[in-house]
Amino acid sequence: MIGLNGIDRSASWYYAAVAEEAGVSRALIHRDCPDLLERIKGGVNKAIRQQRDAKQIELNEYKERNRELRTEVEELKAMLSKVQSQNATLIRKNMVLSGVSAKNSNVTQLYCSK
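For clarity, every value in this text was computed on a predicted model and none was experimentally measured.

Caption draft 1: Focus on the overall build of the protein. Assigned secondary structure in the protein consists of 4 helices and 0 strands. Along the chain direction, N to C, the helices and strands of the protein fall in the order α-α-α-α. Residues classed as buried in the protein amount to 7% of the 114 residues present. When the accessible area of the protein is evaluated, it comes to approximately 10000 Å², of which 56% is carbon and sulfur surface.

Put into structure tokens, the structure is as follows:
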């Protein structure tokens, strides 16, 4: 494959060849010309970037799902608290009614068998 200005891209010293042709050092290309470096690499890191971006999107989706689940947990805790309160109230009422029936001999408890 032929790269910038006809230099063979498969050459192991491609960066050095581009730097030499431009009359600069390889360090200068790496340090000061990241866009040129990307062109030289020819998208080698493109797959890595795409993979990173996909992982970032996946992470954001998991974070959103986690946020939704935390909200649901808080709602369920509130519902549980309310039901526990209602249950405690009903238990107290039941105890009061059981006490009334034990004190009053005129009340007969009816049992239903299935």
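Caption draft 2: Structural view of the nonpolar core. Counting 6 residues, the largest nonpolar core is built from Tyr14, Val18, Ala19, Ile29, Leu37 and Ile40. Where this core is concerned, the elements lending two or more residues are helix H1 (14-22) and helix H3 (34-41). The dominant element in this core, judged by the number of residues it contributes, is H1, at 3 residues.

Caption draft 3: Geometry of the pattern of salt bridges. Considering all chains together, one arrives at 5 salt bridges under this definition. With a closest N to O distance of 3.1 Å, Arg67 and Glu64 form a salt bridge. Taken together, the residues span about one helical turn, with Arg67 and Glu64 both in helix H4 (residues 46-103) at a distance of 3 residues. Here Arg65 and Glu68 are joined by a salt bridge, their closest N and O atoms 3.7 Å apart.

Caption draft 4: Expanded view of the confidence of the model for the protein. The share of residues in the protein with pLDDT of 70 or more is 71%, and the mean pLDDT across the chain is 79. Note on residues 7-12: pLDDT under 50 across the span, and 18 contacts to partners over four residues away in sequence or across chains.

Caption draft 5: How the structure looks around the environment of Leu36. One can find Leu36 in helix H3. The sequence separation of Leu36 and Val18 amounts to 18 residues, and the corresponding C-alpha distance is 9.9 Å.

Reading the values: the criteria
- Residues numbered from 1 in each chain as written.
- Predicted model: local features only at pLDDT ≥ 70, side-chain atom pairs only at ≥ 80, totals over all residues.
- Heavy atoms only, no water.
- Helix = DSSP H or I, 4+ residues; strand = E, 2+ residues; numbered from the N terminus.
- Buried < 20%, exposed > 50% of the residue type's maximum accessible area, 1.4 Å probe, protein only.
- Areas by Shrake-Rupley, 256 points an atom, 1.4 Å probe, with all protein chains shown as cover.
- Core = buried A, V, L, I, M, F, W, Y, C linked by side-chain atoms within 4.5 Å.
- Salt bridge = Lys/Arg side-chain N within 4 Å of Asp/Glu carboxyl O.
- pLDDT = per-residue confidence, 0-100.
- Contact = heavy atoms within 4.5 Å.

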